[in-house]
Amino acid sequence: MLKKLIKHELRATGRVMLPMLGVVLALSVISALSMRFSGLREGFFPAMITVLTVAAYFLSLLAAGVLCLVIMIRRFYRNLLGDEGYVVMTLPVSLHSQLWAKLLVSLLWIITTGLVMVLAVSTTVFIVSETNVAAIFSRLPSLGELFDGIGEELGLLRGHVTVLSLTWVLVALATTLESCLHFYAAMAIGHSFARHKGLWSVVFFVVINFALSMLGGALAMFGVALPSMGKLALYNSASAFVYTFSFGMLLYVVLIGGLLYLLTYLFMKKHLNLP
């Protein structure tokens, strides 16, 4: 059932996101060509066209990021907390499946949007600077050479660098999901009230953000103070520090994400007040 929900979410969101990302890529090429050939023709109109295309390109990058965020919030609100919630909550589908479908599709679009932005900017740079792409890639070190270089700096073997790299990939994915759950938890709590649901959602978003900021700051201060505690000599080497920080960061993000997920689930399961 989760697979069907994900396909439904992808269809619903893809109708907006795919054209937007296509516009970003198209404008990256158009603006780059305009900048590259603007010097061949002098005059007000060629310069104005270049300015307009470049402005449209940068606005499209901003719009893609904002649209991805808006769709993530809007789909959760309309589908689960709005009028559609009366129908969705009666379906023979668990709330866990509903939440994970929203989370995974949001994660997919955030990653896709980020990759498209990187591709668009790279395309612009390559076209404007007339860079030979093949020559650049030929000069880049291989993944093995890169890992060996990092391992040499930290005193780690290649296998250890690989484990740490995978750990930070997991940290990035978990952080993205935790960010989505930040919005979901605030909206779920806000919609447990009978009136002013949107206002309460904003209030709890700020409260959760403040609480997490205080907790993160406290943990950071504790981590900095650990080496001076004598017996807790965890940071006796660069490699020990990297391992402690990496796995500690992953554990922190997973625990916070789990807490936000639990809040979202419990308030939607037991205290949801649909309009």
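Structure: above.
These figures come from a predicted structure and were not determined experimentally.

A. Quick look at the nonpolar core. Formed by 25 residues in total, the largest nonpolar core has its most connected members in Phe76, Leu99, Leu103, Tyr184, Ile208, Leu260 and Met268. With residues up to four places along the chain from it excluded, the contact list for Phe76 reads Leu81, Leu99, Lys102, Tyr184, Met187, Thr264 and Met268.

B. Looking closely at unusual backbone geometry. Not every positive phi belongs to a glycine, and His196 is a case in point at roughly 55°. Its location among the elements puts His196 in the loop between helix 7 (158-190) and helix 8 (197-225).

C. Fine view of a positive patch on the surface. Residues Lys3, Lys4, Lys7 and Arg11 make up a contiguous surface patch of positive charge. Summarising the element assignment, Lys4 is placed in helix 1 (residues 2-37).

D. Spotlight on the packing of helix 1 against helix 4 (residues 95-129). It is the contact of helix 1 with helix 4, at a shortest axis distance of 9 Å, that shows an interaxial angle of 10°. In this view, helix 1 runs roughly parallel relative to helix 4, as classed from their interaxial angle. Crossing geometry of helix 1 relative to helix 4 is assigned as right-handed. The residue makeup of the contact of helix 1 with helix 4, split by class, is 24 nonpolar, nine polar and three charged.

Rules behind the numbers
Residues numbered from 1 in each chain as written. Predicted model: local features only at pLDDT ≥ 70, side-chain atom pairs only at ≥ 80, totals over all residues. Heavy atoms only, no water. Core = buried A, V, L, I, M, F, W, Y, C linked by side-chain atoms within 4.5 Å. Buried < 20%, exposed > 50% of the residue type's maximum accessible area, 1.4 Å probe, protein only. Contact = heavy atoms within 4.5 Å. Helix = DSSP H or I, 4+ residues; strand = E, 2+ residues; numbered from the N terminus. Patch = residues over 30% accessible without salt bridge, like charges linked within 9 Å, V, L, I, M, F, W, Y side chains within 5 Å. Areas by Shrake-Rupley, 256 points an atom, 1.4 Å probe, with all protein chains shown as cover. Salt bridge = Lys/Arg side-chain N within 4 Å of Asp/Glu carboxyl O. Lys, Arg positive; Asp, Glu negative; His and termini not counted. Charge placed at Lys NZ, Arg CZ, Asp CG, Glu CD. Axes fitted to C-alpha atoms, helices over the stretch in contact; angles between N-to-C directions. Parallel < 35°, antiparallel > 145°, perpendicular 65-115°, else oblique. Left-handed = near helix turned anticlockwise from the far one by under 90°. Nonpolar A, V, L, I, M, F, W, Y, C, P; charged D, E, K, R; others polar.

That's the geometry; what it means functionally is another story.
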